Amino acid sequence: KRTLTSLIIFPLSIFFIFQGGNLLLLFLLVIFFLGNYELFAVFKKKGTIFFLDLILILALFSIYYLREENLFSFYVLIWVIILGVLSDIGGYAFGKIFKWKRLTKISPKKTFSGVLGSFVFSLFSLFLMEKFIVPDTIGISFLEPNFFFLAIIFSLMTQIGDLTISYFKRLEKIKDMGKILPGHGGIFDRIDGLMFVVVLALILYKFNVIM
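We now turn to the structure provided with this report. (Residues numbered from 1 in each chain as written. Predicted model: local features only at pLDDT ≥ 70, side-chain atom pairs only at ≥ 80, totals over all residues. Heavy atoms only, no water.)

1. Here we look at the overall build of the chain
- Scanning the chain from N- to C-terminus turns up seven helices and zero strands.
- Beginning at the N terminus, the succession of helices and strands in the chain can be written as α-α-α-α-α-α-α.
- Its C-alpha atoms give the chain principal-axis dimensions of about 50 × 45 × 35 Å.
- Considering the chain as a whole, with its 211 residues, one finds that 47% of them fall into the buried category.
- The contacts of the chain with a sequence gap of at least 6 include a subset with a gap of at least 24, amounting to 70%.
- Looking at the chain as shown, the accessible area adds up to about 11600 Å², and 70% of this sits on carbon and sulfur atoms. (Helix = DSSP H or I, 4+ residues; strand = E, 2+ residues; numbered from the N terminus. Buried < 20%, exposed > 50% of the residue type's maximum accessible area, 1.4 Å probe, protein only. Contact = heavy atoms within 4.5 Å. Areas by Shrake-Rupley, 256 points an atom, 1.4 Å probe, with all protein chains shown as cover.)

Next comes the structure, spelled out in structure tokens:
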């Protein structure tokens, strides 16, 4: 179920992002309403709901802004999404294979080997962008040293976002936020790390750190 859901959700999300404009706005509004349904159905504390809703709103705004701003910001958005996916895959794969010490009680499945795997796979996103996604005519090189540093920072933020959502779920003693995505849980279970990293990407973009 997890694999099948990923094969549907990821291409669908990329489709709306490439389309941009009103189609992307509609897609983001759907995510917003589904996310809020999960928040109010799962959490009881108003402070938790407010904080997570604020992060969700900022993340959706960041996605729309980066997509619509210019061609460079559009490819930054694509990169961040790919990096987030690869960071999750790397963490899962290395965690299963090497089984090092558990990272934290917040999320029992998180291990130090998973952290390493997330960093390694995140760096691989740079080669994917350079070789297969960004046209040569654009004049953007994702193999510059600053992008390697940013890849580590973004991977770290993805993992922090994942742990943050896990922490709030642990307080409520639940495993998943919902059941709308078979094998993944709810909307927040799928975009937990992405929410945080895309907001950071917009901030760094606006301050010309990503250039």
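Text resumes after the structure shown.
2. Things to note about the environment of F32
- You can see F32 is positioned in helix α2 (residues 21-42).
- Distance in space between the C-alpha atoms of F32 and F72 is 26 Å, their sequence separation being 40 residues.
- Non-local contacts of F32, meaning those with residues more than four positions away in its chain, are made with D53, L56, I57 and L60.

3. Some remarks on the packing of helix α3 (residues 46-69) against helix α7 (residues 187-206)
- Viewed as axis vectors pointing N to C, α3 and α7 meet at an angle of 55°, and their least axial separation amounts to 8 Å. On the basis of the axis angle, α3 is oblique to α7. For α3 against α7, the interelement crossing comes out left-handed. Residues F51, L52, I55, L56, L58, A59, F61, S62, I63, Y65, L66 and E69 of α3 touch α7, and the partners they reach there are F188, I191, M195, F196, V198, V199, A201, L202, Y205 and K206. (Axes fitted to C-alpha atoms, helices over the stretch in contact; angles between N-to-C directions. Parallel < 35°, antiparallel > 145°, perpendicular 65-115°, else oblique. Left-handed = near helix turned anticlockwise from the far one by under 90°.)

4. Describing the side chain of S113
- Among the secondary structure elements, S113 is positioned in helix α5 (residues 112-133).
- Of the polar contacts made by the side chain of S113, one reaches the backbone oxygen of F94; its length is 3.4 Å.
- Separated by 2.9 Å, the side chains of S113 and T111 make a polar contact. (Polar contact = N/O pair within 3.5 Å; in protein donor to acceptor, adjacent residues only side chain to side chain.)

5. So, the packing of helix α6 (residues 145-171) against α7
- At a minimum axis separation of 8 Å, α6 and α7 run at an interaxial angle of 135°. What the angle tells us is that α6 and α7 run oblique. In this structure, α6 meets α7 at a crossing whose hand is right-handed. Where α6 approaches α7, its residues L150, I153, F154, M157, T158, G161, D162, T164, I165 and K169 are matched on the opposing element by F188, D189, D192, G193, M195, F196, V197, L200, A201 and L204.
- Considering only residue class, the contact of α6 with α7 consists of 12 nonpolar, four polar and four charged. (Nonpolar A, V, L, I, M, F, W, Y, C, P; charged D, E, K, R; others polar.)

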